[in-house]
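# Examining the three-dimensional arrangement
This is what each chain is made of:
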Amino acid sequence: MFDDLRRKFETDGYAVIEGFFSNEEVEEMKNEALNLIKQMPNAAERTEFDASNSDGEQNKSKYFIDSSDKISYFFESGAFDPNGELLVAPELSLNKIGHALHELNSVFRKYTFCERIKEAAFQLGFEDPVVPQSMYIFKNPGKSSEVMAHQDATYIHTEPTSCVGFWIPLDDTTIENGCLWFSRGSHKSGVHRRYIRNPDKTSEDLLVFTSPAPYYQKSNFTAVPVKKGSCILIHGQVVHFSEPNKSKTPRNAYTFHIVEQKNTKYSEDNWAQPKEGKSFMSLYRN
Ligand SMILES: O=C(O)CCC(=O)C(=O)O
């Protein structure tokens, strides 16, 4: 399962492990997402999350910052009428749920801290990894499900860079339904911009990008369609994106990130910070 993993990861900036989770395990995660949908908040507490907005205007909210130790719901833009009532079925209204599923939900906690994940991290050379965030991503049919080209280290920054994403599709992914696309080798080009807590405390924008979105040439990207239950390991600096889901069915994924603690500094201006007196969960010790 882990043959050549580190070499592929270091060469391309990502590596695919096929058959990482069984169909039963995939179904358990999908069913758990349905359970979470049943517990969705009422209209007053709902927040839209528009991942296709590269200015990130709608991310810049307290709700986003506060979600780091909660199970919070982020809705697609246009999911509601002016009275806050859903215009689509609840399961089609969400963009994602985050960012502490790995901590607070027993099913996602079980899979995040399973031996296979620990072994993959170990194979990549992690000595003392922690998990700063997790998300369940709903890529439902429709334009708003696009995720713009980005590096994960923009959002989860350490010195030196150590962030790795574990991305686990719960449906087979195709070019049509919005598989991931990678710019191979782009992880060797540094961190292009950061998304930080605004140092200007008088501003209404709590979170800001340090520079505009770079232009990434689409022809540099390779589509990486994979079967459900695979795991794609994503280097924090590799540029990747996903197109809108043009199929008729949803494309779900569970994802979480790890960072190294040993000899590494977690940036204090990252949006996600451990709450006072707490630390991020250790991958190997849970
Ligand atoms: O699930 C997707 O379509 C995009 C995920 C992604 O880019 C990420 O988690 O960094």
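Figured I'd write up the structure that's included with this text. These figures come from a predicted structure and were not determined experimentally.

Moving on, we get to the overall build of the chain. In terms of helices and strands, the chain carries seven helices and 17 strands. What you see for the chain is a C-alpha radius of gyration of 18 Å, in line with the 19 Å of a compact globule of 286 residues. Expressed as lengths along the three principal axes of its C-alpha atoms, the size of the chain is roughly 55 × 45 × 40 Å. Across the chain, the fraction of contacts at a sequence separation of at least 24, relative to all contacts at a separation of at least 6, is 84%.

This next bit is on the site of the ligand. Surveying the vicinity of the ligand reveals the residues Ile137, Lys139, Val147, Asp152, Gly165, Trp167, Gly178, His240, Ser242, Ala253 and Thr255. Counting residues per element, the ones that place at least two in the shell around the ligand are β5 (129-139), β8 (164-169), β14 (240-242) and β15 (251-260). For the shell around the ligand, the residue count by class is four nonpolar, five polar and two charged.

Turning our eyes to something else, we now look at unusual backbone geometry. With omega at 0 degrees, the peptide bond leading from glycine 98 into histidine 99 counts as cis. With respect to the helices and strands, the residue histidine 99 is situated in strand β4 (residues 94-99). The omega torsion of the bond from glutamate 159 to proline 160 falls at -10 degrees, within 30 degrees of zero and hence cis. Its place among the elements puts proline 160 in the loop between β7 (158-159) and β8.

The next subject is the environment of serine 68. With respect to the element layout, serine 68 can be found in the loop between α3 (62-66) and β3 (71-75). Accessibility expressed as a C-beta count within 10 Å gives 20 for serine 68, which makes it buried. C-alpha separation for the pair serine 68 and glycine 98, spaced 30 residues apart in sequence, amounts to 7.3 Å. Setting aside its immediate chain neighbours within four residues, serine 68 contacts His99, Ala100, Gln133, Ala272 and Gln273.

This brings us to the nonpolar core. For soluble globular proteins, the rule of thumb is that nonpolar side chains tend to be buried together. In terms of nonpolar packing, the biggest core is built from 65 residues, with Tyr14, Ile168, Cys231, Ile232, Leu233 and Ile258 touching the most fellow members. With six residues, β5 is the largest single contributor of residues to this core. If we ignore the near neighbours within four places in the chain, the residues touching isoleucine 168 are Phe21, Cys231, Ala253, Tyr254 and Thr255.

Further remarks concern the sheet that holds strand β9 (residues 180-182). Pairing is antiparallel in the open sheet, where four strands are placed in the order β6-β14-β9-β12. Unpaired on one side and paired on the other, β6 (147-150) and β12 (222-224) mark the two borders of the sheet. Along the sheet, successive strands turn relative to each other by an average axial angle of 25 degrees, direction set aside.

Take helix α7 (residues 115-123) next. One turn of the α-helix equals 3.6 residues, which is why residues spaced by three or four share an orientation. All of the buried residues along α7 are Ile117, Ala120 and Ala121. On an axial view of α7, the arc spanned by its buried residues comes to 100 degrees, and they lie on one face. Directly beyond the C-terminal end of α7, a positive phi value near 100 degrees is found at glycine 125.

Taken across its six residues, β4 has six buried, putting it largely inside the fold. One ladder, built from five bridges, connects β3 with β4; its direction is antiparallel. Bridging across to β4, serine 72 finds its partner in glycine 98. For β4 and β5, the ladder comprises four bridges, and the chain directions are antiparallel. Residue histidine 99 lies in a different strand from β5, and its bridge partner there is serine 134.

Attention now goes to the environment of glutamate 76. Note that glutamate 76 resides in the loop between β3 and α4 (90-93). Between the alpha carbons of glutamate 76 and serine 144 there is a distance of 6.8 Å; along the sequence they are 68 residues apart.

About the cut-offs
- One numbering rule holds for all chains: residues counted from 1, following each sequence as written.
- Residues qualify for local features only when their pLDDT is at least 70, as the model is predicted, and side-chain atom pairs are given and counted only at 80 or more; totals for whole chains, interfaces and linings, by contrast, use all residues.
- Secondary structure follows DSSP: runs of H or I at least 4 residues long count as helices, runs of E at least 2 residues long count as strands, and numbering of each begins at the N terminus.
- In this treatment the radius of gyration is a C-alpha quantity, and the globule benchmark scales as 2.2 Å times the residue count to the 0.38 power.
- Our contact criterion uses C-beta atoms placed from the backbone: two residues qualify when those atoms are within 7 Å.
- Should the C-beta atom of a residue, placed from the backbone, lie within 6 Å of a molecule or strand, that residue is near it.
- Polarity classes work like this: nonpolar for Ala, Val, Leu, Ile, Met, Phe, Trp, Tyr, Cys and Pro, charged for Asp, Glu, Lys and Arg, and polar for all others, with Gly in that last group.
- Using C-beta atoms placed from the backbone, we call a residue buried if 20 or more other C-beta atoms fall within 10 Å of its own, exposed if 12 or fewer do, and partly exposed for counts in between.
- In this usage, the nonpolar core is the set of buried Ala, Val, Leu, Ile, Met, Phe, Trp, Tyr and Cys residues whose C-beta atoms join them within 7 Å.
- A strand pair is defined by DSSP finding two or more bridges across the two strands.
- Orientation is described by lines fitted to C-alpha atoms, with helices fitted over the stretch in contact, and by angles between N-to-C directions that extend from 0 to 180 degrees.
- When we speak of the arc, we mean the arc of directions from the helix axis to the C-beta atoms.

By themselves, these are just geometric observations and shouldn't be taken as functional.
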